[in-house]
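# A structural walkthrough
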Amino acid sequence: MTRAHPWHATILTLYPEMFPGPLGASLSGDALARGAWTLDARQIREHGLGRHRAVDDTPAGGGAGMVLRCDVLAAAIDSVAPDERPRMLMSPRGWPLTQARVRTLSEGPGIVVVCGRFEGVDERVIAGRNLEEVSIGDYVLSGGEIAALVLLDACVRLLPGVMGKVASGVEESFESGHLEYPHYTRPREWEGRAIPDVLTGGNHAAIARWRRDEALRLTRERRPDLLTREES
Ligand code: SAH
């Protein structure tokens with residue numbers, strides 16, 4: 001499938017040199033080089049104030065750290081020509097990122113991503129520029145850049161033609177509502193551990209059943225929250 005426009009990511013950050021970073025290698029890097037997606041990492045500081053191009057200030061109400069100014073961030077966001085792309089803010093208190101959201105994003109025109117730093121961003125710009133707050137997990141990073149790279153990687157690998165085999169995109173963890181079954185490859189025996197017989201027996205129905213059971217077992221054990229009531 002070819003698209004009229006490649007999937008386009010615009011990143012607003014104080015560290016544009018962090019992009020594409022690891023996404024410049026491997027499948028995402030090849031896809032970037034051949035124009036299957038495009039990346040524009042922009043420096044928020046270009047919209048900073050005064051001689052020092054200040055982007056942050058002390059928190060209203062006091063407390064430690066600094067907060068990214070809403071006027072500076074809004075100017076950076078407004079410098080991106082408005083289009084259909086959702087505007088996201090990487091944030092530890094955002095909506096947890098899911099594979100379903102990633103899939104929807106990858107099927108759209110692209111994303112605009114704001115990377116926070118310091119204690120975070122002035123609350124008013126979130127509503128004022130309609131930013132969708134997204135978290136990549138329940139831990140705190142020092143900035144939004146690595147979170148943005150995670151979001152980008154998850155989206156880009158789903159773009160048409162980026163992954164070798166289309167099938168590998170649909171059977172994985174989360175797509176089915178549970179975790180993926182275990183994988184094995186040669187050698188058949190290694191350090192006294194053998195590949196389960198069912199996988200080398202050639203009975204495809206039995207293999208499918210084993211994989212479904214293992215996926216269910218692992219999900220019950222590690223992520224019971226993913227299971228619907230009837231399965232658990
Ligand atoms: N004081 C904030 C943490 C700020 S961390 C709090 O306690 O919630 C600085 C920046 O790193 C954030 O603005 C955000 O852009 C990014 N960040 C940190 N953890 C993140 C996570 N789990 N998911 C997405 N972005 C995160």
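What you see is a predicted model; the values in this text were computed from it and never measured. (Residues numbered from 1 in each chain as written. Predicted model: local features only at pLDDT ≥ 70, side-chain atom pairs only at ≥ 80, totals over all residues. Heavy atoms only, no water.)

## Considering the overall build of the protein
Let me state the cut-off plainly: Helical segments are the DSSP runs of H or I of at least four residues, strand segments are the runs of E of at least two, and each set is numbered from the N terminus. Working rule for contacts: check all heavy atoms of both residues, and any pair within 4.5 Å makes them a contact.
Looking only at helices and strands, the protein has seven helices and nine strands in total. Projected onto its principal axes, the C-alpha positions of the protein cover 70 × 40 × 35 Å. Pairs at least 24 apart in sequence give 75% of the contacts found in the protein among residues at least 6 apart.

## So, the side chain of serine 91
Rule in force here: A 3.5 Å cut-off defines polar contacts: any pair of N or O atoms within that distance qualifies, except that in protein one atom must be a possible hydrogen donor and the other a possible acceptor, and neighbouring residues in sequence count only when both atoms are side-chain atoms.
Secondary-structure assignment places serine 91 in strand S5 (residues 87–96). Engagement of the side chain of serine 91 in a polar contact is seen with the side chain of glutamate 133, the distance being 3.3 Å. The residues contacting serine 91, other than those within four sequence positions of it, are Glu133, Val134 and Ser135.

## Comments concerning the nonpolar core
Basically, it comes down to this: Working definition of a nonpolar core: buried Ala, Val, Leu, Ile, Met, Phe, Trp, Tyr and Cys residues. They are joined through side-chain atoms within 4.5 Å. Remark: exposure states derive from per-residue accessible area (1.4 Å probe, protein chains only) relative to the maximum for the residue type, with buried under 20%, exposed over 50%, and partly exposed in between.
Trp7, Ile111, Val113, Leu151 and Leu152 are the most contacted members of the largest nonpolar core, which has 26 residues in total. Secondary structure elements with two or more residues in this core: strand S1 (7–13), S5, helix H3 (99–107), strand S6 (110–114) and helix H5 (144–156). With eight residues, the top contributor of residues to this core is H5. Within the second largest apolar cluster, 19 residues are counted, among which are Ile44, Cys70, Val80 and Leu131.

## Brief notes about the domain arrangement of the protein
Our working definition: Throughout the structure description, domain borders are defined by an automatic or database domain assignment.
Domain annotation for the protein reports domain 1 (7–156) and domain 2 (174–231). For domain 1 and domain 2, the distance between their C-alpha centroids amounts to 37 Å.

## Points about the pairing of S6
If a strand is regular, its side chains alternate between the two faces of the sheet. Heads up, the condition is: The rule for pairing is simple: two strands pair if DSSP sees at least two bridges between them.
Of all five residues in S6, five are buried, a share of seventy percent or more. What you see with S6 is no split at all: Gly110, Val112 and Val114 on one side and Ile111 and Val113 on the other are buried throughout. Summarising the sheet, S1 and S6 pair through five bridges and their orientation is parallel. Of the residues in S6, the one forming a bridge with leucine 12 is valine 114. Strand direction decides the pairing type here: S5 and S6, joined by three bridges, are parallel.

## A few points about unusual backbone geometry
Keep in mind that most residues, glycine aside, have a negative phi and that most peptide bonds are trans. A cis amide bond links phenylalanine 19 with the next residue in sequence, proline 20, at an omega value of -5°. Checked against the element boundaries, proline 20 lands in the loop between S1 and helix H1 (26–33). With an omega of 0°, the peptide bond between arginine 186 and proline 187 qualifies as cis. With a phi close to 60°, phenylalanine 118 is a non-glycine residue in the positive phi region. Take phenylalanine 118: it is sitting in the loop between S6 and helix H4 (123–128). At asparagine 130, a position not held by glycine, the phi torsion is positive, near 55°. Relative to the helices and strands, asparagine 130 is located in the loop between H4 and strand S7 (132–135).

## Regarding the packing of H3 against H5
In a pair of packed helices, the angle between the axes and the distance between the axes together describe the arrangement. Stated precisely, the cut-off is as follows: Orientation is described by lines fitted to C-alpha atoms, with helices fitted over the stretch in contact, and by angles between N-to-C directions that extend from 0 to 180 degrees. Comment on the angle field: the value is read as roughly parallel under 35 degrees, roughly antiparallel over 145, roughly perpendicular from 65 to 115, and oblique elsewhere. Definitions for this section: a left-handed crossing has its near helix turned counterclockwise from the far helix by less than a right angle. A right-handed crossing has that turn clockwise. Basically, the charged four are Asp, Glu, Lys and Arg, the nonpolar ten are Ala, Val, Leu, Ile, Met, Phe, Trp, Tyr, Cys and Pro, and anything else, Gly included, counts as polar.
Where H3 contacts H5, the two axes come as close as 8 Å, and the packing angle between them is 70°. As the angle between them shows, H3 and H5 are arranged roughly perpendicular. For H3 against H5, the interelement crossing comes out right-handed. Of the residues in H5, those touching H3 at Val102, Leu105 and Ser106 are Leu151, Ala154 and Cys155. Residues belonging to the contact of H3 with H5 are distributed by class as follows: five nonpolar, one polar and no charged.

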